[in-house]
Amino acid sequence: MNFEPQTYEELIRMKRCVELTKYYEVTEEELWEIYHFLEQEPEAFIKGGRQNLSLIIGQNTATTQKVIMANCTDSSIDGILLSRTEFKVFPHYTPSSGSGSSGGSSSNNNNNNNNNNNNNNR
Amino acid sequence: MNTKFIHLLYVPTMACNMQCRYCYLEDHTVDTLRGGDCLETLQYAIAKFREADVVPFNISLHGGEVTTLPEQEFHDLIQYISRYYQDMRELITDAGFRVGHPHIKTNLYGLDRHIETVREFNVSISGSLDLPLSLHEKYRVTKGGEGTLERILDNIRLLEEIPDKKKVSATIFREHFEQLDQIIEDIRFLDRNTCLDMNDFNFMIGFDYNSCGLLHHMSEEEQLIFYRRMHEAFDGTNLDAGVNGAWFDEFGPEYCTNCDNCGEKFFLLERNGDIYSCVRGQKNEDFYYGNIYRDTVDTILKTAARKIFQNHNRQPFPEECARCAYLYLCKTGCPFVKNVYGSGKSYTCLLQQQMYRDRGYAPDASADETTYEYVTKMRLEEPEKYLPAKASAEYPALEQIIAQDAKLKYIYDSGVFELDVDGDRYPLISQILRKSREILYLTPISTVKLRMKKHMLQEECDYPENNALYLMLLSGDLVTYGDEGRTKQRHIATHQIYKGVLDHSGDNEEEWYVYDISGLLREYAKEYATDSPNNLLVTTTELRDCHYRKQENNAYYHIQAINLPFQNIEFYYLTLDQKNDKEAFHEF
């Protein structure tokens with residue numbers, strides 16, 4: 001996305017679009033389409049599944065504006081939801097026959113017990 | 001490249017020699033491309049598909065009515081398909097598909113004109129009839145309005161010497177269903193008096209679409225009655241294999257309606273190069289995939305998958321289907337019919353369920369996982385709603401441990417912390433109970449307020465005055481450290497805000513402490529990761545201690561809550577420096 005945002009609103013929108021490319025294989029043209037969709041539609045939602053990104057206005061999925069066929073390239077997620085105010089990532093659920101885990105925690109592995117900075121100020 | 005195998009219906013002509021009173025093609029049964037070479041279109045399409053490494057494993061001819069083609073044209077077309085199968089036999093069979101003979105769907109009325117070609121290439125015939133035959137005579141008439149049954153039965157006799165498949169199908173509407181006994185009699189008649197393989201016969205269930213208002217669909221209950229009557233009449237007879245097999249196979253898992261996305265596999269090509277989903281979607285814009293002469297194969301394939309996805313999502317995903325143990329077989333049915341009926345589920349749902357049971361298809365033991373898988377692939381509903389509960393066989397689940405210990409409740413409560421960013425509220429949820437990660441985009445001009453229910457300072461605390469709102473800021477950058485060599489998010493800051501300070505916040509509401517943390521976040525602006533989301537976790541000082549006491553005393557809890565369990569939200573912090581850093585955004 002070869003442009004320099006002039007406002008924080010543009011910056012955030014652009015950053016969200018760039019974040020999207022971490023998960024989906026999209027062309028620059030498609031990315032711009034998503035950018036403008038988010039810019040122009042106050043109720044814009046981008047829903048990403050395994051193989052596509054759907055551009056939706058409001059929560060009514062029956063009125064999908066457009067579906068972009070785009071493979072999800074990150075096997076650690078099952079989808080995303082993007083709007084003007086949200087960026088949700090749905091971590092991959094590994095079926096019970098597998099050995100993985102599910103949940104929404106980030107990739108951190110913090111056990112703050114090792115970093116206990118109690119100040120005993122009680 | 002990975003070879004993609006598709007099922008191709010080819011419609012070499014839209015012309016028909018009959019004018020069935022309920023024909024779904026209505027005014028489309030005239031050939032708009034007379035004079036064109038129907039073989040050329042198929043050859044062109046096959047060559048273009050092959051260039052894109054797409055191989056039709058099956059090419060069937062459909063109409064209009066293929067027998068209206070001139071004899072030589074029909075011959076050349078069949079010959080081409082026959083040779084195609086010979087040439088491609090190894091590739092197709094190696095991929096696990098069966099190679100048959102050229103196959104046509106026909107009304108049988110003009111078959112006599114092509115009987116030599118049928119014989120020469122051992123063409124597989126699938127005829128269509130109305131049952132009972134009295135309704136065939138009534139509905140399936142010539143353009144002059146005359147009956148066609150006698151001639152069709154004569155033509156069926158011509159097939160006696162043809163070794164390959166000779167089958168018929170019948171579509172059942174309520175008008176047919178009302179003459180059930182006669183249908184049974186006529187099946188017996190066809191079995192006894194014709195060369196048709198009535199064990200290979202199949203029923204289709206009609207739906208209200210383009211039948212000129214003449215025919216009406218059966219209710220799901222009537223479909224079941226129909227199915228059961230057929231079994232009563234034919235189980236244990238010489239047609240036992242049929243009634244327990246091919247007759248109702250259309251509703252089984254082998255057919256197109258049971259694909260996740262039929263647009264990935266099934267295509268109908270018209271003589272003018274237009275490509276649709278199938279005969280149901282023919283001439284319907286929502287099921288039009290492009291034109292083989294004008295569009296690339298890649299575009300056509302992508303359009304197909306996209307349109308079928310969209311068509312499925314025009315109707316909501318029924319809860320009934322989400323809970324159904326046969327979703328793995330049914331996949332909610334045909335998107336075309338669902339949209340005709342304005343329903344999200346298959347119009348033959350009850351019939352399918354009965355058939356699955358009768359044929360020994362086991363209910364899905366992991367139905368919740370199948371539903372989740374299906375939703376993430378084919379639905380626009382949010383997947384977290386369908387995320388299966390994960391049970392550990394070895395030790396209790398975290399939710400179970402929390403339910404058994406009241407002291408843990410508020411460490412994990414999803415309704416006690418919120419983040420307000422420029423007026424938009426985000427609930428903070430335990431990061432190990434979350435079903436999704438939520439990422440915020442903050443800037444130095446964002447107003448960020450942390451909201452905490454006031455009672456939180458009293459939870460698991462004898463002296464709230466000494467208790468504090470406890471914030472942890474972690475970087476998206478990872479660090480590996482210590483004996484364990486664990487990799488974790490790097491700690492940026494811990495911040496405690498005591499009751500006395502919270503009490504004085506001017507933004508407080510009746511039940512909520514509301515505290516502006518914009519300045520605190522800004523203070524560490526240079527420490528945040530720019531490529532990975534940073535992490536804000538919150539709790540109270542006392543609840544944090546409570547968590548670690550529990551960890552010390554309960555190994556199962558320790559295992560289940562080995563990562564920080566507190567309510568969190570992830571964020572990027574975008575600064576002017578980043579805004580001016582062209583590299584950051586020109587990477588794409």
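**A word on the environment of R157 of chain B**
Piece 1. Take R157 of chain B: it is sitting in helix α5 (residues 149-158).
Piece 2. A polar contact of 2.5 Å, which involves the side chain of R157 of chain B, links it to the side chain of D154 of chain B.

**Some thoughts on the sheet that holds strand β1 (residues 4-11) of chain B**
Residues and elements named next belong to chain B.
Piece 1. Across the sheet, 9 strands lie side by side as β6-β5-β4-β3-β2-β1-β7-β8-β9; this open sheet has mixed pairing. With one partner strand each, in any of the chains shown, β6 (202-205) and β9 (288-291) form the two edges of the open sheet. For this sheet the average axis-to-axis angle between neighbouring strands, irrespective of direction, equals 30°.
Piece 2. One ladder, built from 5 bridges, connects strand β4 (residues 124-129) with strand β5 (residues 166-172); its direction is parallel. Paired with S128 across the strands is S169, a residue of β5.
Piece 3. Against the sheet, helix α10 (residues 297-312) contacts β1, β2 (54-61), β7 (266-270), β8 (274-276) and β9, and its axis sits at roughly 170° relative to β9.

**Let's talk about the pairing of β4 of chain B**
Residues and elements named next belong to chain B.
Piece 1. By the criterion of burial, β4 is predominantly enclosed, with 6 of the 6 residues buried.
Piece 2. Every second residue of β4 is oriented toward a common face, with S124, S126 and S128 on one face and I125, G127 and L129 on the other, all of them buried.
Piece 3. Summarising the sheet, strand β3 (residues 103-106) and β4 pair through 4 bridges and their orientation is parallel. Paired with T106 across the two strands is G127, which belongs to β4.

**Focus on helix α2 (residues 28-40) of chain A**
Residues and elements named next belong to chain A.
Piece 1. Helix length check: α2 (13 residues) gives 18 Å between terminal C-alpha atoms against 18 Å at 1.5 Å per residue, within 8%.
Piece 2. L31, I34, Y35, F37 and L38 are the residues of α2 that are buried. Buried residues in α2, looked at end-on, bunch into an arc of 160°, giving them a common side. Exposed side chains of α2 directed beyond 90 degrees from the buried face belong to E29 and Q40.
Piece 3. Buried residues along α2 sit in contact with α1 (8-20), β1 (44-48), β2 (52-57), β3 (64-69) and β4 (77-83).

**Quick notes on the nonpolar core**
Residue and element names in this part refer to chain B.
Piece 1. L42, I187, F226, M230, W247 and F248 are the most contacted members of the largest nonpolar core, which has 101 residues in total.
Piece 2. No other element matches the 9 residues that helix α2 (residues 71-94) contributes to this core.
Piece 3. Ignoring sequence-local partners within four residues, the contact set of F248 consists of F203, F226, Y227, M230, V243, M355 and R359.
Piece 4. In terms of nonpolar packing, the next biggest core, distinct from the first, is built from 49 residues, I432, L521, C546 and A561 among them.

**Some remarks on the side chain of T41 of chain B**
Residues and elements named next belong to chain B.
Piece 1. With respect to the helices and strands, T41 occurs in helix α1 (residues 38-51).
Piece 2. At 2.6 Å, the side chain of T41 and the backbone oxygen of R271 are in polar contact.
Piece 3. Excluding anything up to four places from it in sequence, T41 contacts Y10, L269, E270, R271, G273 and Y293.

**Comments concerning the interface of chain A and chain B**
Piece 1. Taken residue by residue, the interface counts 67 residues in chain A and 73 residues in chain B.
Piece 2. The tally of links from chain A across to chain B stands at 3 salt bridges.
Piece 3. Residues E382 of chain B and K88 of chain A are paired through a salt bridge, measuring 3.9 Å at the closest nitrogen-oxygen approach.
Piece 4. On the surface where chain A and chain B come into contact, there are 13 residue pairs in polar contact (both at pLDDT 80 or more).
Piece 5. Among the elements of the structure, α1, α2, β2, β3, β4 and β5 (87-91) of chain A are those that each provide at least two residues to the side of chain A that touches chain B.
Piece 6. Counting residues per element, the side of chain A that touches chain B draws most heavily on α1 of chain A, at 8 residues.
Piece 7. Looking at chain direction, β5 of chain A and strand β13 (residues 437-442) of chain B are connected through 2 bridges and run antiparallel. When the bridges of β13 of chain B are listed, V89 of chain A appears paired with R437 of chain B.

**Observations regarding the pattern of salt bridges**
Residues and elements named next belong to chain B.
Piece 1. By the definition in use, this model includes 44 salt bridges over all chains.
Piece 2. Across the salt bridge formed by R425 and E418, the nearest N and O atoms sit 3.9 Å from each other.
Piece 3. We note a salt bridge from E418 to R451, for which the minimum N-O separation is 2.8 Å. One end of the pair, E418, is in strand β10 (residues 417-421); the other, R451, is in strand β14 (residues 448-453), and 33 residues separate them in sequence. Here the two residues E418 and R451 agree in accessibility, since each one is buried.

Cut-off values and rules
Residues numbered from 1 in each chain as written. Chains lettered and ligands numbered in written order. Predicted model: local features only at pLDDT ≥ 70, side-chain atom pairs only at ≥ 80, totals over all residues. Heavy atoms only, no water. Helix = DSSP H or I, 4+ residues; strand = E, 2+ residues; numbered from the N terminus. Polar contact = N/O pair within 3.5 Å; in protein donor to acceptor, adjacent residues only side chain to side chain. Pairing = 2+ DSSP bridges. Axes fitted to C-alpha atoms, helices over the stretch in contact; angles between N-to-C directions. Contact = heavy atoms within 4.5 Å. Buried < 20%, exposed > 50% of the residue type's maximum accessible area, 1.4 Å probe, protein only. Expected span 1.5 Å × (residues − 1). Arc of directions from axis to C-beta. Core = buried A, V, L, I, M, F, W, Y, C linked by side-chain atoms within 4.5 Å. Salt bridge = Lys/Arg side-chain N within 4 Å of Asp/Glu carboxyl O.

Read these as spatial facts, not as claims about activity.
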